[in-house]
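Residue-level listing of the chains:
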Amino acid sequence: MNLARRSVSHSLAVGLAGLVWRRALPLVALLAATGASAEGFAIADLTPIGDAAAAALGPGYIFRAEPKRVSLYCAECTGSPMIDILLGTDDYGAEESLRLGLTSAADVERKCRSRNAGCRIKALDIAPAVGWVSQYPRPRGDGATAYIMRDGQVLTLRVISSSTGTSSEVMERLLPLARRQIIGR
């Protein structure tokens, strides 16, 4: 009787372990496919980024820095650009959808164009993060917004300007700073 009980217990344990592994393997595969390492961005506090962002953008920029937001403005610059750099979380699964190929830059552009016919999307090559930049006309000027996601965190760079082309130029100066000091390796 004791041998029979041990055999049943052993069989039950092997069966449960197999069930656990069969359920865990898809999760492990998903984590490997998404490159998830739960590291997130290189920094969690944007306060020190204010000086570096103002320097990267050039003379005339003033800023206000908080842990999750840096706002910059230049009244003397062409188009008087206003910039926000924001840290948040991906509550909608956009990062996973991009990494798994369920959403493409073309999909994002279609959605953006449904709100603004002039919207254009460009995928960003910013590994280990993923993201895109949208550029769009506004009634007076234009705007550019970068969404960058890594391990469930979102970095948003938003620029609006009262002159056409300025937002894109400002964004091009901000992206290297984001790569170097916020996104990390």
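Above this text sits the structure in question.
Residues numbered from 1 in each chain as written. Predicted model: local features only at pLDDT ≥ 70, side-chain atom pairs only at ≥ 80, totals over all residues. Heavy atoms only, no water.

1. Description of the sheet that holds strand E4 (residues 120-123)
Strand order in the open sheet formed by seven strands is E1-E2-E3-E7-E6-E5-E4, with antiparallel pairing between adjacent strands. Each of the sheet's edge strands pairs with one partner strand only, and the pair in question is strand E1 (62-66) and E4. For this sheet, the mean inter-axis angle between neighbouring strands, taken without regard to orientation, is 15 degrees. Two elements, E1 and strand E2 (residues 69-73), share five bridges in a ladder whose sense is antiparallel. Considered in E2, the bridge of Ile-62 is made with Tyr-73. Strands E4 and strand E5 (130-138) of the sheet are contacted by helix H4 (residues 105-115), whose axis makes an angle of about 155 degrees with E4. (Pairing = 2+ DSSP bridges. Helix = DSSP H or I, 4+ residues; strand = E, 2+ residues; numbered from the N terminus. Axes fitted to C-alpha atoms, helices over the stretch in contact; angles between N-to-C directions. Contact = heavy atoms within 4.5 Å.)

2. Description of the packing of aromatic side chains
Per the counting criterion, the structure on display carries one aromatic pair. Ring centres of Trp-132 and Tyr-147 lie 5.5 Å apart, and the angle between their planes is 50 degrees; this geometry places the pair in the tilted category. Placement of Trp-132 in strand E5 and of Tyr-147 in strand E6 (residues 141-150) is noted, with a sequence separation of 15 residues between them. (Phe/Tyr/Trp six-rings, centres within 6.5 Å; stacked < 30°, edge-to-face > 60°.)

3. Points about the side chain of Thr-145
Looking at where Thr-145 falls in the secondary structure, it is placed in strand E6. Here Tyr-136 takes part through its side chain, which lies 2.8 Å from a polar atom of the side chain of Thr-145. Every residue in contact with Thr-145, bar those within four places of it in the chain, is listed here: Trp-132, Val-133, Ser-134, Tyr-136, Thr-156, Leu-157, Arg-158 and Met-171. (Polar contact = N/O pair within 3.5 Å; in protein donor to acceptor, adjacent residues only side chain to side chain.)

4. Let's talk about the pattern of salt bridges
Applying the stated rule across the entire model yields six salt bridges. Arg-64 is the salt-bridge partner of Glu-66, the closest N and O atoms lying 3.2 Å from each other. Under the relative-accessibility criterion, Glu-66 is labelled partly exposed at 32%. Across the salt bridge formed by Glu-172 and Lys-122, the nearest N and O atoms sit 3.8 Å from each other. A residue pair is termed long-range when its members are at least 10 positions apart, and Glu-172 in helix H5 (residues 166-183) and Lys-122 in strand E4 qualify at 50 residues. Given a relative accessible area of 44%, Glu-172 falls into the partly exposed group. (Salt bridge = Lys/Arg side-chain N within 4 Å of Asp/Glu carboxyl O. Buried < 20%, exposed > 50% of the residue type's maximum accessible area, 1.4 Å probe, protein only.)

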